[in-house]
Structure formats: structure tokens, C-alpha cells
Amino acid sequence: MAEELKKNGLYVDENHILRVLEPAIFKETQDLKEENEIFQEKLQVFRSAGSAIAKNLVLLGEVVERQKLLAINTQNLANSSAKQKEIEQQQIQTKIVEMSLELDRLKIELKYLQKCESELQEIFDNFRQNQ
């Protein structure tokens with residue numbers, strides 16, 4: 001009877017269930033189905049992990065961008081501070097030059113006034129002697 005069923009494309013498996021497929025092919029199909037389900041589960045886990053990594057990379061990129069902006073700001077402040085100190089130093093040096101020139105002028109004026117005083121003193125002395 002099994003032979004007659006095989007001729008008509010029907011098969012009986014080990015559990016005595018009537019099948020259209022050969023029992024070996026049916027078993028392979030079931031095994032592939034189970035492997036496919038396992039693969040689908042693993043693929044879902046992989047997609048979830050990939051999605052989590054992508055989200056973390058976006059967050060990390062935002063942190064890096066903020067740090068980059070902070071570094072640029074700090075660098076600009078440092079450059080600005082250095083330029084400000086340079087300007088102040090130039091102003092102080094200019095003031096020193098101006099004061100040095102003023103000192104030289106005052107020294108010359110002092111010598112002139114001392115000379116005038118000396119001459120006046122001599123004139124007074126001569127005037128007193130002649131009286």
C-alpha cells in the first residue's frame with residue numbers, strides 16, 4: 001500500500017501521517033524553517049544593536065561638536081587676551097618713551113634755569129659790590 005501511495009505522490013512519515021512531500025524533504029523543510037526563525041531572531045538582535053550604536057554615535061558626534069566649539073571659543077579668548085596684552089605693552093612702551101622725552105626736556109630746562117640763576121646771582125653779587 002505504501003508503494004501505491006508513493007506512485008500517486010503521497011508518503012507516510014514515521015508518525016504514520018499522510019504527506020504530499022517525502023518525509024526526508026519534509027524534515028529538511030522543517031529544519032530550514034526552524035533555522036530561519038533562529039536567523040530572524042538573531043537578525044533582529046543585530047538590527048537593535050546596530051540602531052543603538054548609531055544613536056550613540058550621533059550623541060558622541062554632538063558631544064564632540066560642543067567640545068570643538070568650546071575649544072574654538074577658548075582659543076579665541078586666548079588670542080584676544082594675547083592681543084590685548086600686546087596692545088597694553090605697546091601703550092606702556094609709548095608712555096615710557098614720552099616720559100623719557102619729557103624727562104630729557106626737563107633736564108635741559110633745569111640746566112638752563114640753573115645757568116640763569118647763576119648769571120642772576122653773579123649780577124646781584126656785582127651790583128652789591130658796586131654799591
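The coordinates are above.
An account of the accompanying structure is given in this report.

This part is about the overall build of the protein chain. For the protein chain, the count of helices and strands is 2 helices and 2 strands. A buried classification covers 2% of the 131 residues belonging to the protein chain. Surface summary for the protein chain: the accessible area is close to 12400 Å², and the carbon and sulfur share equals 59%.

Scanning the entire structure with this criterion turns up 4 salt bridges. Asp31 is paired through a salt bridge with Lys27; the nearest N and O atoms lie 3.5 Å apart. Remark: Lys27 and Asp31 occur in helix α2 (residues 23-130); sequence separation between them is 4 residues, near one turn of the helix. Look at Asp31 and you get partly exposed, because its relative accessible area is 30%. Lys68 is paired through a salt bridge with Glu65; the nearest N and O atoms lie 4.0 Å apart. Highlighted residues: Lys68 and Glu65, both in helix α2, separated by 3 residues, approximately one helical turn.

Right, let's talk about a negative patch on the surface for a bit. A contiguous patch of negative charge, built from Glu34, Glu35, Glu37 and Glu41, is present on the exposed surface. Tracing the backbone shows Glu35 in helix α2.

All right, on to a nonpolar patch on the surface then. Side chains of Ile53, Leu57, Leu60, Val63 and Val64 sit close together on the surface and give an oily, nonpolar patch of about 460 Å² of accessible area. Among the structural elements, Val64 can be located in helix α2.

A few words on the environment of Arg105. Relative to the helices and strands, Arg105 resides in helix α2. A polar contact of 2.6 Å, which involves the side chain of Arg105, links it to the side chain of Glu102.

The rules behind the values
Every chain begins its residue count from 1, and numbering advances along the sequence as written. In keeping with the predicted nature of the model, local features appear solely for residues at pLDDT of at least 70, side-chain atom pairs appear and are counted solely at 80 or more, and the whole-chain, interface and lining totals rest on all residues. Just so you know, side-chain values use all the structure's heavy atoms and leave hydrogens and water out. Put simply, DSSP marks the helices as runs of H or I at least four residues long and the strands as runs of E at least two long, and each gets a number from the N terminus on. Only protein chains enter the accessibility calculation, which uses a 1.4 Å probe; a residue whose area is less than 20% of its type maximum is buried, one above 50% is exposed, and one in between is partly exposed. The Shrake-Rupley method, run with a 1.4 Å probe, gives the accessible areas here. Residue values count only the displayed protein chains as cover. Whenever Lys or Arg places a side-chain nitrogen within 4 Å of a carboxyl oxygen from Asp or Glu, that contact is recorded as a salt bridge. Patch construction takes residues with relative accessible area above 30% that form no salt bridge. Like charges are linked within 9 Å, and nonpolar side chains (Val, Leu, Ile, Met, Phe, Trp, Tyr) are linked within 5 Å. As used throughout, the charge tally considers Lys and Arg to be positive and Asp and Glu to be negative, leaving His and the chain termini uncounted. Charge coordinates come from a single atom per side chain, which is NZ of Lys, CZ of Arg, CG of Asp or CD of Glu. Polar contact criterion, stated in full: a pair of N or O atoms within 3.5 Å, where within protein one must be able to donate a hydrogen and the other to accept it, and residues adjacent in sequence count only if both atoms are side-chain atoms.

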